[in-house]
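# Per-entry structural report
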Amino acid sequence: MSLLDGPLSARRAGPEQEFGHDALIVCDNLVRIYQTGSIEVQALQGLDLLVHEGEMVAIIGASGSGKSTLLSLLAGTDAPTAGRARVASWDLMSMSRRERVHYRRHAVGLVRQQTARNLVPYLSAAQMVDLPMTLAGVPRRERRSRTGELLESVGVAHCARRRPAQMSGGEQMRVAICVALANRPRVLLADEPTGELDTETSGEVFGALRTANSQLGVTVVMVTHDPDVSGQVERTVAIRAGRTSSEVLRRSTTGADGEHRVVAEEYAIMDRAGRVQVPKDYREALALTRRVRLALETDQVAIRPDTGA
Ligand code: ADP
Ligand code: MG
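What you are looking at is a predicted structure, and each value in this text was computed from that prediction instead of being measured.

Rules of the game
- Residues numbered from 1 in each chain as written.
- Chains lettered and ligands numbered in written order.
- Predicted model: local features only at pLDDT ≥ 70, side-chain atom pairs only at ≥ 80, totals over all residues.
- Heavy atoms only, no water.
- Helix = DSSP H or I, 4+ residues; strand = E, 2+ residues; numbered from the N terminus.
- Buried < 20%, exposed > 50% of the residue type's maximum accessible area, 1.4 Å probe, protein only.
- Contact = heavy atoms within 4.5 Å.
- Areas by Shrake-Rupley, 256 points an atom, 1.4 Å probe, with all protein chains shown as cover.
- UniProt positions renumbered as here; feature names shortened; annotations may be inferred.
- Salt bridge = Lys/Arg side-chain N within 4 Å of Asp/Glu carboxyl O.
- Expected span 1.5 Å × (residues − 1).
- Near = heavy atom within 4 Å.
- Polar contact = N/O pair within 3.5 Å; in protein donor to acceptor, adjacent residues only side chain to side chain.
- Nonpolar A, V, L, I, M, F, W, Y, C, P; charged D, E, K, R; others polar.
- Pairing = 2+ DSSP bridges.
- Axes fitted to C-alpha atoms, helices over the stretch in contact; angles between N-to-C directions.
- Core = buried A, V, L, I, M, F, W, Y, C linked by side-chain atoms within 4.5 Å.

## Concerning the overall build of the protein chain
- Per the secondary structure count, the protein chain includes eight helices and 13 strands.
- If one aligns the C-alpha atoms of the protein chain with their principal axes, the spans along those axes are about 75 × 55 × 40 Å.
- Considering the protein chain as a whole, with its 309 residues, one finds that 42% of them fall into the buried category.
- A separation threshold of at least 6 residues defines the contact pool for the protein chain, and within that pool the share at least 24 residues apart is 61%.
- As displayed, the protein chain has an accessible area near 17500 Å², and 50% of this comes from carbon and sulfur atoms.

## Some details on the UniProt feature "domain: ABC transporter" (unreviewed entry) in the protein chain
- The positions that UniProt labels "domain: ABC transporter" (unreviewed entry) are, in the present scheme, residues 25-266.
- Counted over residues 25-266, helix gives 32% and strand 32%. Its end C-alpha atoms are 22 Å apart.

## Some details on the pattern of salt bridges
- This structure, assessed with the given rule, holds 15 salt bridges.
- With a closest N to O distance of 3.0 Å, Arg 235 and Glu 55 form a salt bridge. Of the two residues, Arg 235 sits in strand β9 (residues 235-240) while Glu 55 sits in the loop between β2 (39-51) and β3 (56-60), which places them 180 residues apart along the sequence.
- Here Arg 235 makes a salt bridge to Glu 247, at a shortest N to O gap of 2.7 Å. Remark: Glu 247 occurs in strand β10 (residues 243-254) and Arg 235 occurs in strand β9; sequence separation between them is 12 residues.
- Given the relative accessible area of 8%, Arg 235 is considered buried.
- Residues participating in the shared-partner salt-bridge network are Glu 18, Asp 28 and Arg 84.

## Here we look at helix α5 (residues 169-181)
- Taking 1.5 Å as the rise per residue, α5 with 13 residues should run 18 Å; its terminal C-alpha atoms sit 19 Å apart, in good agreement.
- Buried residues of α5: Gly 170, Glu 171, Gln 172, Met 173, Arg 174, Val 175, Ala 176, Ile 177, Cys 178, Val 179, Ala 180 and Leu 181, and no others.
- Packed against the buried residues of α5 are β6 (108-111), α3 (125-135), α4 (140-153), β7 (187-191) and α6 (199-214).

## Looking at the site of ligand 1
- Near ligand 1, the surroundings consist of Tyr 34, Val 41, Ala 43, Ala 62, Ser 63, Gly 64, Ser 65, Gly 66, Lys 67, Ser 68 and Thr 69.
- Between ligand 1 and Ser 65, the relevant distance is 3.2 Å, taken from an oxygen atom to a main-chain nitrogen or oxygen of the residue.
- In the model, an oxygen atom of ligand 1 is placed 2.8 Å from a nitrogen or oxygen of the Lys 67 side chain.
- Here ligand 1 has 570 Å² of accessible area as a free molecule, and 62% of this is covered by the chains.
- If you list the elements that add at least two residues to the shell around ligand 1, you get β2 and α1 (67-75).
- With three residues, α1 is the single largest residue contributor to the shell around ligand 1.
- Looking at the shell around ligand 1 residue by residue, the class counts come to four nonpolar, six polar and one charged.

## Details of the sheet that holds β9
- A sheet is described by the order of its strands in space; here seven strands give the open sequence β6-β7-β8-β3-β9-β10-β11, paired in mixed fashion. At either end of the open sheet lies a strand with only one pairing partner, and these are β6 and β11 (260-268). Direction aside, neighbouring strands of the sheet carry axes that sit 20° apart on average.
- When β7 meets strand β8 (residues 219-223), the two strands line up parallel, connected through five bridges. Bridge assignment links Val 187 to a residue of β8, and that residue is Thr 219.
- Contacts from α5 reach β6 and β7 within the one sheet, and its direction differs from that of β6 by about 160°.
- Where α6 meets the sheet, it contacts β3, β7 and β8, and its direction lies at approximately 155° from that of β8.

## Examining the nonpolar core
- Val 111, Val 129, Val 175, Ile 177, Leu 188 and Met 222 are the most contacted members of the largest nonpolar core, which totals 38 residues.
- Those elements giving two or more residues to this core turn out to be β3, α3, α4, α5, β7, α6 and β8.
- No other element matches the eight residues that α5 contributes to this core.
- Among the nonpolar cores identified, the runner-up in size contains 29 residues, and Cys 27, Leu 71, Ala 75 and Ala 107 belong to it.

Structural data, given as structure tokens:
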């Protein structure tokens, strides 16, 4: 019996739409290989990811798993080796140099991993937020009101005239978020924005990202190590060895007792070739090795150890 003759054959989908046609961000089989001398590092090894407009997504994963690489590709500061990446109508593979400049200035905002790299030591917060708008030719009056509004919205209006050295780490990061938002991008990318901060300060920075998402309508993709942070977003995507491996979706429900609860459900990611990563603890529990048996049942696919029978 072929796998498709089973009970599910009647449910086969119609003609296939382009992968992620309705998503704002599409990464399709994305590959990035770094070449240093004779050594090749495959930072991304066929990563698939879809993010829809208005989402706030946390990316988690071990150090070296490719998180920063993914963000640099989406930010347009680096280009993929192979695969497809699209943000809104921008094709990140085939952008010209001029388009790339426009894309980086208007379509996305990036907050880099090291706080200091986001800021200019001799400029005040207001001057730093003003700068990208000046480069984009925004009139002075509009620049001034936008700068005031942005700093105010994330609680750092009092830092307007301060230079980075006169601000705390959390204030610096929130100013960096304002700089990234200055030209009204549709997407805000933040690479471990709370990585160098204590719990309270990291809550303030997370709040700033939340504000960008819920009040300004910006789609947010953030990398984080912090379970406190990833536990607060509706969707967490885990990257393992340059590929998306699993996702946790959270939704709040109200129980019979009227109490609000957040329900978290973990999903494995299946790529378009049908590959799924089976978590290590599952593999170990049933001693699943190189060869397993797949069985199609009415409402599930079972994976069983190869008993050699
Ligand atoms: P993460 O942010 O998840 O820690 P990165 O995306 O920074 O991971 O790195 C993924 C892999 O690519 C690592 O093995 C890293 O050493 C390598 N890498 C990242 N950037 C470069 C680069 N510019 N040149 C060579 N190798 C790199
Ligand atoms: Mg990183």
